[in-house]
Amino acid sequence: MQHFAVIQSLCRLGLQRHDPAFRQQVERLRERLEKDGDTKNSDTLARLLKANPDASELVPTKVELSRFQITGEPLTAQIHPPVDRETSQPLCRIVMNPAAQTQRPILAERSAKAIADIVAEWSTFERLQELGVAPGRSCLIFGPPGSGKTLTAFHIAAALGLPVVDARIDGLISSFLGTTARNIANLFSFANRYRCLLLLDEFDAIAKLRDDPQEVGEIKRVVNSLLQSLDARADIGITIAITNHHRLLDTAVWRRFETQIQIALPDAEARTQMLTAFLKPLSANLPLIQLMAYVTEGASGADLRRFANGIKRHIALAGFEPTAPNQFKALCEVLAREPLTRVHPRAVSMIDDIAAFAIDALHDPDFPVKQKPFSSLLSVNQATVSRWLTRAASTTGAAHAQ
Ligand SMILES: Nc1ncnc2c1ncn2[C@@H]1O[C@H](COP(=O)(O)OP(=O)(O)OP(=O)(O)O)[C@@H](O)[C@H]1O
Ligand SMILES: [Mg+2]
């Protein structure tokens, strides 16, 4: 590749900044070079990536927040969460070290950038102050189930070095009149007292409450008390709310959040990265991972993790060597057990009729695997795959001739 020495220097400098979006692009370039057979340069990039480990994975705390930026008493493991007075159930879970619970979320570039910006704003606190603005303290994360919303919120907390006060709105809702509003008030006064990130998971529960025709007066009171609590916290701590059903939230709620981040289902690129990460410690085979990414279109990150774990279990139980063709067999077994409504038609075709699948896939410009590595994955020789393709071509030709 021409000018690779310059590209290498650019990558080295960029990687030192620990920007996940930049790292993602270098990983992409490395994969492309590998795919083009440029092993020398792809290995050089692999070495650079290894020498500059992702800071968010290894040392999640990128920003040291001063007491002046986030006020409050330190939250320690000895402090008990507030409880519902009627049931004595805790109103939240306290997670002292979110870094221990989280891996780096793999996100589309846009979302990754929005998240990196939230963290970066706190490291440029003084500069923002000079310009008369403050870092955003409230964020609403929305997206489909299993797309990595909770993971992302914990990742932000880890990057900011803050413990998490993790509350589920439906856990605050009580059947006792007046108790819900009191629970909300108690939760917020607890979160406001300590240095923490307040996480309001399953936030749409309040919106659903609003639509409940029963107890209209009580519900209005609850929603208003939540909105007031959010307003009162606006200048105190950091709050993240999460919802799967953003359409249920009205503008009064949206307005409370300075940043709104959408996390979509992973595209082919993100699925490839996730599967590479989730299949570890199995050795990664790029054609296999690309094939898996191709047949799992529409799957969430949580689905992909489940499939990867299923493959590992299958390999272990069957006593297989974890070769790429065996991982492929395990994939077919795992997908065959999924309900039909939950898998992509490509996966169904791959399981039901591998020749038909091969013909469609090898004619599809979106299918990134070439015929040779594809045949090795299937453990059939290339001549067989060529025969499938020729037979399909002659059948189509005959159909056209009629
Ligand atoms: N974008 C992602 N990057 C990395 N891992 C992911 C991603 N999305 C999902 N996962 C995997 O799936 C698991 C579940 O993700 P998470 O709980 O964050 O999803 P969610 O969007 O909060 O789902 P729900 O809407 O059901 O609460 C994670 O622990 C992780 O293993
Ligand atoms: Mg969640």
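Conventions and cut-offs
Residues numbered from 1 in each chain as written. Chains lettered and ligands numbered in written order. Predicted model: local features only at pLDDT ≥ 70, side-chain atom pairs only at ≥ 80, totals over all residues. Heavy atoms only, no water. Domains from an automatic or database assignment. Phe/Tyr/Trp six-rings, centres within 6.5 Å; stacked < 30°, edge-to-face > 60°. Buried < 20%, exposed > 50% of the residue type's maximum accessible area, 1.4 Å probe, protein only. Helix = DSSP H or I, 4+ residues; strand = E, 2+ residues; numbered from the N terminus. Contact = heavy atoms within 4.5 Å. Core = buried A, V, L, I, M, F, W, Y, C linked by side-chain atoms within 4.5 Å. Near = heavy atom within 4 Å. Polar contact = N/O pair within 3.5 Å; in protein donor to acceptor, adjacent residues only side chain to side chain. Areas by Shrake-Rupley, 256 points an atom, 1.4 Å probe, with all protein chains shown as cover. Nonpolar A, V, L, I, M, F, W, Y, C, P; charged D, E, K, R; others polar.

(A) Local environment of the domain arrangement of the chain. Under the domain assignment used here, the chain contains domain 1 (1–53), domain 2 (93–262) and domain 3 (266–401). Centre-to-centre, using C-alpha coordinates, domain 1 lies 36 Å away from domain 2.

(B) Representation of the packing of aromatic side chains. For the coordinates displayed, the defined rule picks out nine aromatic pairs. Residues phenylalanine 190 and tyrosine 194 carry aromatic rings whose centres are separated by 5.0 Å and whose planes lie at 55° to one another, so their mutual orientation is tilted. The same class applies to phenylalanine 190 and to tyrosine 194, which are both buried. Ring geometry for phenylalanine 367 and phenylalanine 374: centres 5.5 Å apart, planes at 90°, overall edge-to-face. With relative accessibility at 7%, the residue phenylalanine 367 sits in the buried group.

(C) Spatial organisation of the environment of methionine 292. As for its placement among the helices and strands, methionine 292 is situated in helix α14 (residues 286–295). For the pair methionine 292 and arginine 271, spaced 21 residues apart in sequence, the C-alpha to C-alpha distance is 8.4 Å. In contact with methionine 292, not counting residues within four places along its chain, are Leu275, Leu279, Ile311 and Leu331.

(D) Up close: the nonpolar core. Counting 44 residues, the largest nonpolar core has Leu291, Ile311 and Met350 as its most contacted members. Elements represented by at least two residues in this core include exactly α13 (268–279), α14, α15 (301–318), α16 (324–336), α17 (345–352), α18 (354–363), α19 (371–378) and α20 (382–401). Residues within four places of leucine 291 in sequence aside, it is in contact with Phe328, Leu331, Met350, Phe357, Phe367, Val369, Phe374 and Leu377. Val165, Ile184, Val223 and Ala241 belong to the second-largest nonpolar core, a separate cluster that totals 33 residues.

(E) The site of ligand 1, seen in detail. In the vicinity of ligand 1, 18 residues are found, and the nearest of them are Ile106, Lys149, Thr150, Leu151 and Arg305. Leucine 151 is positioned with one of its backbone polar atoms (N or O) 2.8 Å from an oxygen atom of ligand 1. When the free accessible area of ligand 1 is taken as 630 Å², the share hidden by the protein chains comes to 79%. Of all the secondary-structure elements, those providing two or more residues to the shell around ligand 1 are α7 (149–160), α13 and α15. Looking at the shell around ligand 1 residue by residue, the classes come out as nine nonpolar, seven polar and two charged. Built from parts of two domains, the shell around ligand 1 gets at least three residues from each of domain 2 (93–262) and domain 3 (266–401).

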